[in-house]
Amino acid sequence: MCIHQLNLLAASNNLPVTNFLGKQHPIEAHHLSSICDIMEKAMVNGDTCIIRCILVVFQVVFKFFFSPQTERNRDIVRRSGLLLWQLLMAPRDQICSEIQKEVCLAISSGLNILYPGEAEINNLLKLVLTEGERNSGLSQLRDVILTNLAEQLQNNRFGSEDDDHYRLNDELLHYILKIVVRESCVLITKCQTVSKDDFQRLLSTVPAASSCLRYLMAVQNHLLSNTILIKPDESDDSDSSLQGETLKVQELKTSILSLATQILTGCDEVLEMLQQVTTALINSDISDREQRLKGLEQITKATMLGHLLPVLLTSLMHPNLQTLTMADALMPQLVQLVLYTSQTALLLKTQSPVFSELNSSPSGASEQKGKLLPDERMLEEKEEPGFLTGLKIPAPWAAGKTVETVHPVRDNYKFKETVHIPGARCLYLRFDNRCSSQYDYDKLVIYAGPNTNSRKVAEYGGNTLGYGSRSVLGTGWPKDLVKVEGDTVTFSFEMRSGREHNTPDKAMWGFACTVRAQESSEDVSGGLPFLVDLALGLSVLACSMLRILYNGPEITKDEETCQELLRSKLLQRCQWQVEANGIISPALTPSPSPLPLTIDEDREFTYPSDVLVPPVGHYFDLPRIRLPPGIMIKLREISGRARPQFRPSIK
C-alpha cells in the first residue's frame, strides 16, 4: 500500500509533494504491520535493496501518514522502533553506511512517534550524546537529530509552542557543549601532531562545523536574536500584555546568561589548549613550523572560538544585555579569556621576527632563540609590550568604496550611485586607468552632495584610443586624486550613443572609482589577525561590563521621586551610637539626650558626649552641615528660643 503511495507520488509531476501528502488519510495499523513483516523478512535474507526501500517508506509514513492513537498502533510503533534499532546497532561488517544513514533518517522523521513523551526523547538524546563516540550508528543518529533540530529552531520564534521541543534542556546542552569543546581541542591539537600532508588536507577542509556546533550556533542565534529584536506590542498597552512581555524578556535574559556562562567556560578550555599548542610549535624543530603557526589561525576559526564567541561578544554589547546581573556573572570569565587571547596573540606575533632570522642567522642561535619559554620571550621582547603594538588597526573608511559601471557599457545604459561616509570632511576619488566611453557626451558627472541637484564638481567622458569621438571631455579621465568637499558624493553616468560596429570593448569600458575619506591610497590590510581581533573584542566587552559594575544599580523610580528628600542636609544629619564591639551604627531609638534645639550657624556644631562616644584611641571628626536660614527660623519658632544677640565690646 505504501509502495503504491510512493508510486503515485512519483507519477504526480503536476502536484507539489507537500500538497499531495497533506491530502492523504492516515494508514491503518495492519498496513504498518505488513511493512514490518516485509522488513523482518528482508533482514533475515540480507536483502539490502528491500531494506533501503522499506526504510524510505518508514520515513514517509512517520512524517505524513501515521498517528499512534490506539494501543494497537502503539504496539506496531514499538515493533518498528525495535527493527530500526536492530539495524542501527548492527556491526559495521553487516550493514553498509547507506543503510545506516537511512535508519537515522527514519528515526529522526518519526522521533515524536517513536518517543511520544518528553522524557523519552531526552533519554534518547542523552544516550546518543554520551555513547555516540563509542558507536558509529549512535554518532550518526546524533548528527541527524541535532541537524534537524537546528533547522527547526532557526525557523521558530521564542516562546512558541514548539520552542521547548526544539530547544533542549540545560543538561543536554551541557553534554553538547562538552562534545564541542572536545572537538575543538582535538582540531587544534592536530596542528601539532599530524603529518605535513595531513595538515595541508586539514586546512582544505576547514571551517566545517559539526552537527553539535551547528546546534549550539542555532540555540545562541535563536536566543540572542529574539532578545535584541524583541519589541513590545504598541497596540496592546494593557497590564497583562506588559507583564507578559516583561516575563518573556526576563526568561530570555536568564537563558542567555546560562548559555553564555557555559560557552565562555568552554572557550576558556579551548584557549588554554590553543596556548599550549602554540608554545609547543614554537619550541619544536619541525620543518614546516612557520606554515603550521600561520594555519593555526585558520584552524581556530573552525572551532567554537570562531563560530560562537564573536557572535556572543557582539550581542552582549547590545543595550538590552548590558545589565548589572550579566556583568556580575560574566566578568571573571571575560578577564580570564582576555588574558588567554592576548598572551596567545602576543606569542604568535613575536614569532614573525624569528622566521626572518632563520635564513640570515646561524642555525644554532636561531634554534636557541626559538626555544625560549613564553614568559622569557615576553621579557626579552621589550619593544613588544602588547599584542597590538606594531599592528595597524583597520578603520571602516580606510579601504574605501568602489563605484563602477558594467564592463563594457551597453546602449542606453544609465548609472547613478551616492556614496556617504559619515564624519568625513572631504572625499578623495581615484579613477581606474581603463576608464573610457565611446563619445565625449557619454559622460560621467560628479556632484558634491546626495543628488544631482547638488553642486557639480566635474564631468568626464570619451577616449583617446582612436574610436568614437577620438577625444576626451576637458582634460580627460583624471590620473590623480579628485578632491570633493563634504562627506557625500553622487555619480551619474549615461550612455547616449549607440555602439558602432568597429568600437572595441576597451573603448566602452565605462568607469570605476574608489572613494576614500583619506588622501593616502596605500593598500589597506584585510583586517587584524583573528586572535588579536578576538582579544580586542573581549577587552572592549570587559571594559563595558566593568563600567556597569562601577556605576552600580540603576536609579529606581522611587529614588527619582525622592531625590529632593535624599539630598536634604537635614535628613543626612542622623544620630549615631556606638555598639559594644566598637562599631558605629545609626541609632535606631531616640537618644536619651536629644540634640540642642538652638543651633548657631556661626559656630562649629558638636554632638553631645552622651549621644556619640568614640572608642578610646579613635577620633571621628564629623563635618558641620550648615542648615538653610528658613529651617533655622522654623526651629527657633518651635523651640521658642530667639537667636542670641552678640553685643560689640566697648573699648
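The rules behind these values
Residues numbered from 1 in each chain as written. Predicted model: local features only at pLDDT ≥ 70, side-chain atom pairs only at ≥ 80, totals over all residues. Heavy atoms only, no water. Helix = DSSP H or I, 4+ residues; strand = E, 2+ residues; numbered from the N terminus. Buried < 20%, exposed > 50% of the residue type's maximum accessible area, 1.4 Å probe, protein only. Contact = heavy atoms within 4.5 Å. Areas by Shrake-Rupley, 256 points an atom, 1.4 Å probe, with all protein chains shown as cover. Core = buried A, V, L, I, M, F, W, Y, C linked by side-chain atoms within 4.5 Å. Salt bridge = Lys/Arg side-chain N within 4 Å of Asp/Glu carboxyl O. Pairing = 2+ DSSP bridges. Axes fitted to C-alpha atoms, helices over the stretch in contact; angles between N-to-C directions. Parallel < 35°, antiparallel > 145°, perpendicular 65-115°, else oblique. Left-handed = near helix turned anticlockwise from the far one by under 90°. Nonpolar A, V, L, I, M, F, W, Y, C, P; charged D, E, K, R; others polar. Patch = residues over 30% accessible without salt bridge, like charges linked within 9 Å, V, L, I, M, F, W, Y side chains within 5 Å. Phe/Tyr/Trp six-rings, centres within 6.5 Å; stacked < 30°, edge-to-face > 60°. pLDDT = per-residue confidence, 0-100. Expected span 1.5 Å × (residues − 1). Bend = angle between axes of the 7 residues up to and from the residue. Disulfide = S-S within 2.5 Å.

- The protein chain goes by Putative E3 ubiquitin-protein ligase HECTD4 in an unreviewed UniProt entry, where it is assigned to Gavia stellata.

## What about the overall build of the protein chain?
Thought 1: Across its full length, the protein chain holds 26 helices and 10 strands.
Thought 2: In the protein chain, which comprises 651 residues, the share counted as buried stands at 40%.
Thought 3: A separation of at least 24 residues holds for 75% of the contacts in the protein chain among residues at least 6 apart in sequence.
Thought 4: A total accessible area of about 37100 Å² is found for the protein chain, and carbon and sulfur atoms account for 53% of it.

## As for the environment of L259
Thought 1: Mapped onto the elements of the fold, L259 is located in helix 14 (residues 239-282).
Thought 2: Along the primary structure L259 and L173 are separated by 86 residues, whereas in three dimensions their C-alpha atoms are 8.5 Å apart.
Thought 3: Setting aside anything within four residues of it in sequence, one finds L259 in contact with L216, V219, Q220 and L223.

## Some thoughts on the nonpolar core
Thought 1: In this structure, F58, Y215 and M304 are the most contacted members of the largest nonpolar core, which totals 113 residues.
Thought 2: When residues in this core are grouped by element, the largest group, 14 residues, is from helix 14.
Thought 3: Counting residues in each nonpolar core, the second largest holds 29 residues, with F415, F431, L444 and V515 among its members.

## With respect to the pattern of salt bridges
Thought 1: Summed over the entire model, instances satisfying the criterion amount to 18 salt bridges.
Thought 2: The partner of E290 in a salt bridge is K294, with the nearest N and O atoms 3.1 Å apart. Note that E290 and K294 are positioned in helix 15 (residues 289-301) at a spacing of 4 residues, about one turn of the helix.
Thought 3: Taking relative accessible area as the criterion, K294 reaches 56% and is therefore assigned exposed.
Thought 4: A salt bridge links K401 to E417; the shortest N-O distance between them is 3.3 Å. Placement of K401 in strand 1 (residues 401-404) and of E417 in strand 2 (residues 414-420) is noted, with a sequence separation of 16 residues between them.
Thought 5: Residue classification places E417 among the partly exposed residues on the basis of a relative accessible area of 22%.
Thought 6: Overlapping salt bridges bring together E133, R142, D143 and R182 as one network.

## As for the sheet that holds strand 4 (residues 443-448)
Thought 1: Ordered in space as 2-7-4-5, the 4 strands form an open sheet in which the pairing is antiparallel. If you trace the sheet from one side to the other, it starts and ends with strand 2 and strand 5 (455-461), each paired once. Here the average twist between neighbouring strands, direction ignored, is 15°.
Thought 2: Where strand 4 meets strand 7 (residues 488-494), 4 bridges bridge the pair, whose relative direction is antiparallel. Note on strand 7: the bridge partner recorded for L444 is F493.

## Looking at the packing of helix 6 (residues 97-109) against helix 9 (residues 136-154)
Thought 1: The contact between helix 6 and helix 9 brings their axes to 9 Å, and the two run at 45°. Classed by the angle they form, the pair helix 6 and helix 9 counts as oblique. Between helix 6 and helix 9 lies a crossing whose hand is right-handed. Counted together, S97, Q100, K101, C104, L105, I107 and S108 of helix 6 and S136, G137, Q140, L141, V144, I145 and N148 of helix 9 form the full contact between these two elements.
Thought 2: Across the contact of helix 6 with helix 9, the residue classes tally to 6 nonpolar, 7 polar and 1 charged.

## Digging into a nonpolar patch on the surface
Thought 1: Where nonpolar side chains cluster on the molecular surface, the patch consists of L324, L546 and L549 and spans about 220 Å² of accessible area.
Thought 2: Following the sequence through the fold, L324 ends up in helix 18 (residues 324-349).

## Structural notes on the packing of helix 17 (residues 309-316) against helix 22 (residues 530-551)
Thought 1: At a minimum axis distance of 10 Å, the contact between helix 17 and helix 22 shows a crossing angle of 30°. The orientation of helix 17 relative to helix 22 falls into the category roughly parallel. Two packed elements cross with a definite hand, and for helix 17 against helix 22 that hand is left-handed. Where helix 17 abuts helix 22, its residues L309, P310, L313 and L316 lie against F530, L534, G537, L538, L541 and M545.
Thought 2: Among the residues making up the contact of helix 17 with helix 22, the classes are represented as 9 nonpolar, 1 polar and no charged.

## Considering the environment of C212
Thought 1: Mapped onto the elements of the fold, C212 is located in helix 13 (residues 211-229).
Thought 2: Discounting residues that sit within four places of it in the chain, C212 has contacts with R142, L146, I176, I179 and V180.

## Side note on the packing of aromatic side chains
Thought 1: Taken as a whole, this structure holds 8 aromatic pairs when the rule is applied.
Thought 2: Between F431 and W477, the aromatic rings sit 6.4 Å apart at their centres with planes inclined by 55°, giving tilted as the arrangement. With F431 in strand 3 (residues 426-431) and W477 in the loop between strand 5 and strand 6 (482-485), the pair connects residues that are 46 residues apart, well separated along the chain. Just as F431 is buried, W477 falls in that class too.

## Here's the deal with the side chain of T344
Thought 1: Within the secondary structure, T344 is located in helix 18.
Thought 2: Under the relative-accessibility criterion, T344 is labelled buried at 0%.
Thought 3: What T344 contacts, discounting residues up to four positions off in sequence, is L274, Q275, T278 and L531.

## Focus on unusual backbone geometry
Thought 1: With omega at -5°, the peptide bond leading from H407 into P408 counts as cis.
Thought 2: Of note in this structure, N412 is not a glycine but carries a positive phi near 60°.
Thought 3: On the basis of relative accessibility, which here comes to 64%, the residue N412 falls in the exposed class.

## So, the confidence of the model for the protein chain
Thought 1: Averaged over all residues, the pLDDT of the protein chain equals 77, while 70% of them reach at least 70.
Thought 2: Of all helices and strands in the protein chain, the one with the weakest mean pLDDT is helix 19 (residues 352-358) (42), whereas strand 7 scores best (94).
Thought 3: Across residues 233-242 the pLDDT falls below 50, and counting only partners more than four positions away or on other chains, this stretch makes 3 contacts in the model.
Thought 4: This model gives residues 521-525 a pLDDT under 50, and the stretch forms 6 contacts once residues within four places in sequence are excluded.

## Digging into helix 18
Thought 1: Between its first and last C-alpha atoms helix 18 spans 35 Å; for 26 residues at 1.5 Å apiece the expected length is 38 Å, and the two agree.
Thought 2: Taken as a whole, helix 18 carries its principal kink of about 50° at L330; the proline P332 stands between one and four residues after it.

## Points about the sheet that holds strand 8 (residues 512-516)
Thought 1: The strand order 1-8-3-6 describes an open sheet built from 4 strands, whose pairing is antiparallel. Only two strands of the sheet have a single partner each, and these edge strands are strand 1 and strand 6. With direction set aside, neighbouring strand axes in the sheet form an average angle of 25°.
Thought 2: Across 4 bridges, strand 3 lies against strand 6 in antiparallel orientation. Residue pairing for strand 6: Y428 is matched across the bridge by K483.

## Quick notes on the state of the cysteines
Thought 1: Enumeration according to the criterion identifies 0 disulfides in this entry.
Thought 2: Here C435 is not cross-linked by a disulfide; its sulfur's nearest cysteine counterpart is in C513, at 7.6 Å.
Thought 3: A relative accessible area of 9% means that C435 is categorised as buried.

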